[in-house]
Amino acid sequence: MMHQLDAERGDYTLHYCARSRTHAAFVPELTDNPHTTFHFGDEDPAQILDVARDLGEPQPDTAVYVCGPAGFIDHVLGIAEAMGWPPQVLHKARFSNDGAAAQPDAGGSGGFTIRLASTGAEYAVPAGSSVLDILLENGIDAPHSCQLGICGECVVRVLAGDPDHRDDVLTADERAEGMFATCSSRALSPTLELEL
Ligand code: FES
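Quick summary incoming for the structure in this document. Model, not experiment: these values are computed from the prediction. (Residues numbered from 1 in each chain as written. Predicted model: local features only at pLDDT ≥ 70, side-chain atom pairs only at ≥ 80, totals over all residues. Heavy atoms only, no water.)

Concerning the environment of Cys151
Tracing the chain through its elements places Cys151 in the loop between α5 (131-137) and β7 (155-160). As a C-alpha pair, Cys151 and Leu170 span 19 residues in sequence and 9.2 Å in three-dimensional space. Each residue touching Cys151, except ones within four places of it in the same chain, is listed here: Ser145, Cys146 and Val169. (Helix = DSSP H or I, 4+ residues; strand = E, 2+ residues; numbered from the N terminus. Contact = heavy atoms within 4.5 Å.)

Written as structure tokens, this is what we have:
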């Protein structure tokens, strides 16, 4: 993201937190980056991350991306929301998404069916397979990356049916707009129609 923003001359700030410099990756690369502020737990207490101070007042044209362990993300986003940052500008990427695929389908163990809006083709999604698995197995060029529900690359729109969201990337507004992560989310209805 930083490379892309630098190429586009975008305005951004990276707040990079770690226990110490020796625990942090990319320190040499980031030290000379004017957009980077380090926060190391074993250095001057004044430079340790203070979410309210370092995030500042809500800015409608600014997106906030938080990446890291779940507790850290919850801490940062909890303060951001309390400060009035609108949900649609808050984004998160967890280091892992344990258990997203471990829950049984709400409709039982039989899985569900997906229908592609462009062709009307239908495919069964059995328990133990993701929607993305089935798309790829059937030769559909479905975008994807992490396959953990944390990057957003696989998101498509649901046109009909009732999704069972299990990703960790979509906001409540995006889910309300019908967005759906094919790598991790499932269905509460027998069929989902996808904008594919
Ligand atoms: S591939 Fe990353 S969220 Fe689905």
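Brief notes about the sheet that holds β7
Taking strand neighbours across the sheet as the criterion, the 5 strands line up as β6-β5-β11-β7-β9 in an open arrangement whose pairing is mixed. The sheet is open, and its two edges are formed by β6 (122-125) and β9 (179-181), each paired on a single side. Recorded for the sheet is a direction-independent mean angle of 45 degrees between the axes of neighbouring strands. Judged from the 2 bridges that link them, β7 and strand β11 (residues 191-194) form a sheet pairing that is antiparallel. Along β11, the bridge assignment pairs Ala160 with Glu193. (Pairing = 2+ DSSP bridges. Axes fitted to C-alpha atoms, helices over the stretch in contact; angles between N-to-C directions.)

The quantities given are spatial measurements derived from coordinates; they are silent on function.
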